[in-house]
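# Breakdown of the fold
In case you want the letters, here they are:
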There are 8 protein chains.
Amino acid sequence: RRRGIPEAILAEGKTPAEVAALTATAVETTGRALVTRADADDAAAIRTAIEDRELDDGTDTGDPIDATVDHDERTGTVVVHAGDFERPALDATVAVVAAGTADAAVAGEAAVVAREIGATVDRVDDVGVANLDRILDQRDRIREADAVVVAAGREGALPTVVAGLVAAPVIALPVSTGYGVGGEGVAALEGALQSCSVLTTVNVDAGFVAGAQAGLIARAVDAAGRD
Amino acid sequence: RRRGIPEAILAEGKTPAEVAALTATAVETTGRALVTRADADDAAAIRTAIEDRELDDGTDTGDPIDATVDHDERTGTVVVHAGDFERPALDATVAVVAAGTADAAVAGEAAVVAREIGATVDRVDDVGVANLDRILDQRDRIREADAVVVAAGREGALPTVVAGLVAAPVIALPVSTGYGVGGEGVAALEGALQSCSVLTTVNVDAGFVAGAQAGLIARAVDAAGRD
Amino acid sequence: RRRGIPEAILAEGKTPAEVAALTATAVETTGRALVTRADADDAAAIRTAIEDRELDDGTDTGDPIDATVDHDERTGTVVVHAGDFERPALDATVAVVAAGTADAAVAGEAAVVAREIGATVDRVDDVGVANLDRILDQRDRIREADAVVVAAGREGALPTVVAGLVAAPVIALPVSTGYGVGGEGVAALEGALQSCSVLTTVNVDAGFVAGAQAGLIARAVDAAGRD
Amino acid sequence: RRRGIPEAILAEGKTPAEVAALTATAVETTGRALVTRADADDAAAIRTAIEDRELDDGTDTGDPIDATVDHDERTGTVVVHAGDFERPALDATVAVVAAGTADAAVAGEAAVVAREIGATVDRVDDVGVANLDRILDQRDRIREADAVVVAAGREGALPTVVAGLVAAPVIALPVSTGYGVGGEGVAALEGALQSCSVLTTVNVDAGFVAGAQAGLIARAVDAAGRD
Amino acid sequence: RRRGIPEAILAEGKTPAEVAALTATAVETTGRALVTRADADDAAAIRTAIEDRELDDGTDTGDPIDATVDHDERTGTVVVHAGDFERPALDATVAVVAAGTADAAVAGEAAVVAREIGATVDRVDDVGVANLDRILDQRDRIREADAVVVAAGREGALPTVVAGLVAAPVIALPVSTGYGVGGEGVAALEGALQSCSVLTTVNVDAGFVAGAQAGLIARAVDAAGRD
Amino acid sequence: RRRGIPEAILAEGKTPAEVAALTATAVETTGRALVTRADADDAAAIRTAIEDRELDDGTDTGDPIDATVDHDERTGTVVVHAGDFERPALDATVAVVAAGTADAAVAGEAAVVAREIGATVDRVDDVGVANLDRILDQRDRIREADAVVVAAGREGALPTVVAGLVAAPVIALPVSTGYGVGGEGVAALEGALQSCSVLTTVNVDAGFVAGAQAGLIARAVDAAGRD
Amino acid sequence: RRRGIPEAILAEGKTPAEVAALTATAVETTGRALVTRADADDAAAIRTAIEDRELDDGTDTGDPIDATVDHDERTGTVVVHAGDFERPALDATVAVVAAGTADAAVAGEAAVVAREIGATVDRVDDVGVANLDRILDQRDRIREADAVVVAAGREGALPTVVAGLVAAPVIALPVSTGYGVGGEGVAALEGALQSCSVLTTVNVDAGFVAGAQAGLIARAVDAAGRD
Amino acid sequence: RRRGIPEAILAEGKTPAEVAALTATAVETTGRALVTRADADDAAAIRTAIEDRELDDGTDTGDPIDATVDHDERTGTVVVHAGDFERPALDATVAVVAAGTADAAVAGEAAVVAREIGATVDRVDDVGVANLDRILDQRDRIREADAVVVAAGREGALPTVVAGLVAAPVIALPVSTGYGVGGEGVAALEGALQSCSVLTTVNVDAGFVAGAQAGLIARAVDAAGRD
Ligand SMILES: Nc1ncnc2c1ncn2[C@@H]1O[C@H](COP(=O)(O)O)[C@@H](O)[C@H]1O
Ligand SMILES: Nc1ncnc2c1ncn2[C@@H]1O[C@H](COP(=O)(O)O)[C@@H](O)[C@H]1O
Ligand SMILES: Nc1ncnc2c1ncn2[C@@H]1O[C@H](COP(=O)(O)O)[C@@H](O)[C@H]1O
Ligand SMILES: Nc1ncnc2c1ncn2[C@@H]1O[C@H](COP(=O)(O)O)[C@@H](O)[C@H]1O
Ligand SMILES: [Mg+2]
Ligand SMILES: [Mg+2]
Ligand SMILES: [Mg+2]
Ligand SMILES: [Mg+2]
Ligand SMILES: [Mg+2]
Ligand SMILES: [Mg+2]
Ligand SMILES: [Mg+2]
Ligand SMILES: [Mg+2]
């Protein structure tokens, strides 16, 4: 694909069999597949479809595909690489920063995508603004990155604070935590849209999009460095 | 009044004559009046009503009231004290912290009310979170206060940060800045409601309410100290 | 912790094992833990983690922690105190007032937190405004408190009425009752934001925050009294 | 008209000439007209149209109509009665209760309509719930009414309180006061919809509708009494 | 109770045991109880509590209460009358009109309450506006009523049409049908608030409130007729 | 243009000079222009640009364009036809039905567009559902049309009623009347989206879109008839 | 029925027995029934009701109805035709275009209805705008249709693009895909309402309405062609 | 400043004197200032403050500042450069794409900022998706850019289409056009959040933020190329 973003399949709202079939096709045609929001059943169906080549209805579709299947439970992602697939290795780093434990899964989805695009990914966790020392301690490390994804739920103050600390482009990733008015990530998204610092945002829980955009910036940086 | 909060008249949506009449009555019955959201016309009408005792329709209502009229243009407040009125002097401090210039007027309304209730008021301005050094520099000063009002518009991250730095109760005061989705103070209010730090909030631009609540806390602190 | 607020773990959205691990850590590092929105499974996991020191995966992590585990089913809170932990005893009272039965659980969460911070807590239940005599009968009792939390769902008129009756600071605690437009606590929250009486508010069902803020006021009052 | 509700013309969004023409037609065909949300220009145009019979474009349309024109500035209503029109005199009373000064104009619109339908109207003003004594003092008077309209803005707690005090049907009339979230009457309307007491509601500022419904109840009561 | 409205218990959100206990208490103290939104379990628990006097935990609380228990599955209501309870018989009729099958349950709740208050209730079903002949055919029948409740979901046009056909007061009862934007009764409620005909409204699915208000009008009519 | 819809210029938010320039260009390139939401200044500027060929800054741009300029004040539309432009004459009729006076302007915009596309347009005014006889009286006339646009504000019940009376496709045109919750056309739009009858809708006040879609249906009908 | 739209039963929110009874009645009275949002249980109940004539409670209601039952799992529709029912065969085509796999079920519902009305239906799938070549490739095919339904979720850009490519009337069918702000079809619906191309819309997931309106246009076109 | 973003002053909501003072300070301390949403009065006040060094109240503040003042009326921006200020010249290009005339001003604001940061800016106007040929014609040109800002109002489909055509990171810039539901840029913003293509977004009309983020990407690309 033109942008180097892996073919992505959103498992949510699809049956395991549908997910598996789409995954197998993606691997066969592009050498790779990335499944998001996948549960254990989806992962099992994918393994069967890759390794046994058996459809849900029992039809055997031929020889197993030579591919590795990596399922990360925490983030709900499955990454499949054909045996001969080689992930690009970009000379660029993406930092993925998360405010709290509840933000880690969504941040993880972003990290997986950026890594598949070829960036080096640096995870910085548990740096919520209610305790400023934590984020200040990580400042220098985050400044190393060429693009920064900042995941935060509830009031979502972290992306604004981080964008005040670094020179690289920052992408806010609002997370669907919080209850009551402004809950489920709405306050965090609006906080990103209203930020006093320069940053852009993706929708609530859209880890895939945030990670992919960071990956595109990493690609641009890598390409410029090669010239 | 039971709580020591001055009789308050919201000028918005009233004619200058109505505002002036309500103000005169408040001064005569309680020795004091506080007018919020007053413009120049309201202030002029109040002066006339206090000093000339002339109604809008020309009727002269008797001798001038012995009172001082203080109009603060920036905050749109008018404070009137009868000659013999003595403002309480509480042994307690309220800090009023503001993120930026646009938040200063609303913060000022809060400060006026807290002062009228009798608190010592400490104003801390221009400490937005996009530049963390500014707020960190004022940390010790804010820690002196018995109650803290934090005014902030746009993404409203400041109250969360301040409540992470001090031990006193913090009251968020969202300000109607910002445009687009979450604008006009909505993101800032939702940010306060979703805050990871412990704090309570008032409605957008409700400087009067934030200042009055801080004043009530100051009264409680002062009373405990006198025992 | 600086503000005397117990380390709080929101069980909702975490597995019992995660809740238990976070609780054990909090007890070991701070001598205490407060878990909110915990169900029976969470409580059982916490007991195991404290008393058996066995992780979810079977690993034994050493000697039992010397601690008491109190689970209150009604409010969904679990309080854990290390054997040598001594709860502060503040010379200050927090009244927790609730309109109806449906508000009692959320009010209870507020009460638990205020008590952990060290305040004497006075519960006043079943005083909805549809029958004014009930609240008027309790007026003198509520006036004894240094801070008042008022929990109310549906139209949420009670905080406004109570704030008209007492001199102490009032914190509205909107509860997620009611169906249709303005339901799930939204009308109650907006009623607090629009109140004609001076009060501040927390988000819908945020008993923890309301109780903690009341506790912070109690701490300030207690400290002033000691001087 | 079948229900005894006067032909009503909403002046807002119409030119004075349009308002005047519709008014003249209503008077000629039904003996009466009620114009709501009329300003001074609308009232002047109506007088011209009734008394001079001159159209906006100068055409003279004949002899003046024998009719009285009553313009109430406060409520923005104009009532026109043909010389031979006799307003019904129902044996029933409508109480129109208002929380504060800002609610009086909208309450007045309701009162005018109920009176035109033929009810005896009893106005009870300035009984906001922040000071319960005021409403309790008026309790017996309000209990005399056959139907009760309760106008209230901001948090709109008054209709709930009144419906807890009387046996007659109560109609909430939310008023567009208040700023910020829940402002412009939204919290007051939602408060009516969520009320713990039995009552029905009309839209924000819909004084005409509240007064007309109260008038319909008065008609039903009057008719039953005549049998 | 002052208004003749039966003590009502909302079963939703309560356990069957809680519902049963509240019901028994209401019957013992007021001679009657009305439970709304009750399912089969609630009804069974009520029967046990009335007939066996056995608590959930096995305690026997004495002799059975002499009372009848009527459970209507369709509307989810349970009506309990003590043996000596006599329902008032008002000389007044309430029509309960419903647009479609989906509106019938909510309409039924309104009917039960109005009947308990003592009105004669006339049900008119299946008269949606997409086929005008149906409602026109029932016009004369509806005109017999002293108060009219009109239940309608989706676009909620029926209350407006009915209020244009009758002289009695009309109460709109929006029903939570419809999907997408304006679904779950929101469009129907807003349609009632915006109606071109004079009517008042209750919240979505608030059959109890609509029926009770109609019952209060019936009481007023009945009382006037007795004089 | 492919669909036969005239080049349309939305005057709102443009200066008269900009409107005039765009109009002149459209006439020169397509032989026709349709300006919507135009005020007197826009119309004057258009006339100057067509007849004097003088730009805002005084530059004379050559010979006058041979074209007629029709300004309809009520609907705010300006139609310009080059001298040699011939409007199509389709063998198909569009009925444009409006509930009340306030809906007439928006309905008029729809009518102008449908007419420009070539349909015969039949206007049916003042047939609001609060008085069913009016719409029933016009039933046969509306049934003559090949497509029906139904404009209605406030509760927007009319499109649902009309679609229950005719066989042709109905297009709802919600109008921005009404105040309070659901006002400014929102309830009317949601009523169309939730309609129990089959119909499609356009946005609030989008007379141009409704008329153009009706015109496209007329074109399809006309074309089929020619085969 | 006047408009040729089959009697439709929405299975959602009804029990299989209710669905089956309504279906049997429709077939007996109109020769046909269309059930939407039906699951396997609904389909089974329908078969039983048609073939066995047995009610849910065991009552046998007579001889089987001579009818065919077609259940389409993907779209959740059941079509029942009496043995002697003959579907109209209109000389008109409806194109049903869908952006992605997730939109196919809703698009399918539209297709079934249009087909039952008698149109020839042409399905064009998987032509989302993120890859413009796909839709451009199908342009000529879509241009053959007399009316076009375009189903799209998430940002819903496809209806705008298609309406820019064809001359026939376009009906947008927003689909409830997407998460976060604007999710569940809301952005897609608003996109249709704001479209720069001329089109009308139905509510989110309202495949039945979109298909029926397209069918009505097909009927008009067919009728014109017959003259 | 760390990120190379010019000190920016939002003129909206400030008096010309305030704007001018802030501008002068920025130029003196950073060598440059960028004022957005400035009108003619703001520009005049800035010129006076730079060239005459006279404060609003008449005080002369010394020698004129050696600086150039560029006011762009269309975009409402004022750029001030001190005589010795040299704008960076990055080896990177930002494309700024706009759907229609109404989007040009907001797009222009983005372009000014990106240029000030040092990027080469390529403007591509009038490429709305209702006519796909226009955007397809510009495809190769847009592909030259290192970052792409896409401004679009109403249904906001253009960013999704552009992100499907290019490999560089795309930033959506929703514009506040459109009326009715989803108007004022809301549908366009939600369309960006729901996009099927990978892109990030800024708030409605936030040209400054979009341009600055694109400039940050350009800086990263330029820096990588220099290594
Ligand atoms: N978690 C996710 N959030 C948002 N977009 C996603 C996600 N996962 C995949 N996508 C996008 O959705 C497209 C696939 O959607 P689908 O065809 O429904 O599987 C992919 O091409 C991605 O652009
Ligand atoms: N700026 C303000 N914001 C919120 N409430 C206010 C404000 N100023 C006055 N009030 C409150 O509004 C009441 C006066 O309302 P009114 O009778 O309309 O003047 C006072 O008693 C205060 O409690
Ligand atoms: N019921 C609650 N409502 C709101 N905030 C809570 C609640 N319980 C705990 N918290 C806060 O959330 C933080 C813990 O979040 P977490 O790390 O997700 O467990 C605590 O430090 C508290 O400040
Ligand atoms: N203030 C008002 N609020 C709501 N409805 C009104 C009001 N005044 C008049 N009406 C209603 O609006 C109808 C007249 O609307 P119009 O034809 O626009 O003047 C009347 O028949 C009344 O039912
Ligand atoms: Mg799945
Ligand atoms: Mg004023
Ligand atoms: Mg759990
Ligand atoms: Mg007027
Ligand atoms: Mg239950
Ligand atoms: Mg203009
Ligand atoms: Mg079912
Ligand atoms: Mg200015």
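About the criteria used
- Residues numbered from 1 in each chain as written.
- Chains lettered and ligands numbered in written order.
- Predicted model: local features only at pLDDT ≥ 70, side-chain atom pairs only at ≥ 80, totals over all residues.
- Heavy atoms only, no water.
- Near = heavy atom within 4 Å.
- Areas by Shrake-Rupley, 256 points an atom, 1.4 Å probe, with all protein chains shown as cover.
- Helix = DSSP H or I, 4+ residues; strand = E, 2+ residues; numbered from the N terminus.
- Nonpolar A, V, L, I, M, F, W, Y, C, P; charged D, E, K, R; others polar.
- Contact = heavy atoms within 4.5 Å.
- Buried area = accessible area lost by both parts, 1.4 Å probe.
- Salt bridge = Lys/Arg side-chain N within 4 Å of Asp/Glu carboxyl O.
- Polar contact = N/O pair within 3.5 Å; in protein donor to acceptor, adjacent residues only side chain to side chain.
- Buried < 20%, exposed > 50% of the residue type's maximum accessible area, 1.4 Å probe, protein only.
- Pairing = 2+ DSSP bridges.
- Least-squares fit on C-alpha atoms with pLDDT ≥ 70 in both.
- Domains from an automatic or database assignment.
- Axes fitted to C-alpha atoms, helices over the stretch in contact; angles between N-to-C directions.

Before going further, it helps to examine the site of ligand 3. As a structural note, the neighbourhood of ligand 3 is formed by A:Arg154, A:Tyr179, B:Cys196, C:Ala8, C:Ile9, C:Leu10, C:Lys14, C:Thr36, C:Arg37, C:Glu109 and C:Phe208. When isolated, ligand 3 has an accessible area of 500 Å², and the protein chains bury 79% of it. By residue number, the principal contributor to the shell around ligand 3 is strand S1 (residues 8-10) of chain C, which donates 3 residues. Taken together, the residues that form the shell around ligand 3 break down as 6 nonpolar, 1 polar and 4 charged.

Of the residues lining the interface, 32 residues belong to chain A; the matching set on chain H comes to 32 residues. Across the chain A to chain H interface the summed buried area is about 2,700 Å²; carbon plus sulfur atoms make up 58%. The interface formed by chain A and chain H holds 0 salt bridges in total. On inspection of chain A and its partner chain H, the count reaches 16 residue pairs in polar contact (both at pLDDT 80 or more). Of all the elements in the fold, those that place two or more residues in the side of chain A that touches chain H are strand S8 (170-174), helix H7 (186-193), strand S9 (200-201) and helix H8 (207-226) of chain A. No other element matches the 10 residues that H8(A) contributes to the side of chain A that touches chain H. When the residues that make up the side of chain A that touches chain H are grouped by side-chain class, the tally is 22 nonpolar, 7 polar and 3 charged.

Attention shifts here to the pairing of strand S4 (residues 77-82) of chain G. Residues and elements named next belong to chain G. Burial runs high along S4: 6 of the 6 residues are buried. Alternating positions in S4 separate into two faces, Thr77, Val79 and His81 on one and Val78, Val80 and Ala82 on the other, with burial throughout. Examined bridge by bridge, strand S3 (residues 67-72) and S4 share 6 bridges and lie antiparallel to one another. Looking across to S4, one finds that Thr68 is bridged to His81. What sits between the antiparallel neighbours S3 and S4 is a turn of 4 residues, in which Gly76 has the positive phi angle 70 degrees.

What follows covers the relation of the copies chain A and chain H. For the pair chain A and chain H, the best superposition has an RMSD of 0.1 Å and corresponds to a rotation of 180 degrees with a translation of 0.0 Å parallel to the axis. This pairing of chains is accounted for by a two-fold axis.

Next up on the list: the domain arrangement of chain A. All names here are of chain A. Per the domain assignment, the segments of chain A are domain 1 (8-82) and domain 2 (93-226). For domain 1 and domain 2, the distance between their C-alpha centroids amounts to 28 Å. Tallying the contact residues gives 10 residues for domain 1 and 11 residues for domain 2. The contact between domain 1 and domain 2 buries some 870 Å² in all, and 59% of this surface belongs to carbon and sulfur atoms. It is Arg37, Arg74 and Thr75 that lose the most area in domain 1 upon contact with domain 2, and together they represent 45% of the buried surface on that side. For Arg32, the salt bridge goes to Glu116, with nearest N and O atoms at 3.0 Å. For the pair domain 1 and domain 2, the number of links is 3 residue pairs in polar contact (both at pLDDT 80 or more). Within the residue set of the side of domain 1 that touches domain 2, elements represented by two or more residues are strand S2 (32-36) and strand S4 (77-82). A per-class count over the side of domain 1 that touches domain 2 returns 3 nonpolar, 4 polar and 3 charged.

It is worth spelling out the sheet that holds strand S3 (residues 67-72) of chain C at this point. All names here are of chain C. Spatial ordering of the open sheet is given by S1-S2-S4-S3, a layout of 4 strands whose pairing is mixed. The open sheet has two free edges, formed respectively by S1 and S3, since each of these has just one partner strand. Neighbouring strand axes in the sheet, compared pairwise and without regard to direction, differ in orientation by 15 degrees on average. Pairing between strand S2 (residues 32-36) and strand S4 (residues 77-82): 4 bridges, direction antiparallel. Across the sheet, Val35 pairs through a bridge with Val78, a residue of S4. Along the sheet, helix H2 (residues 40-52) contacts S2, S3 and S4; its crossing angle with S3, the most-contacted strand, is approximately 175 degrees.

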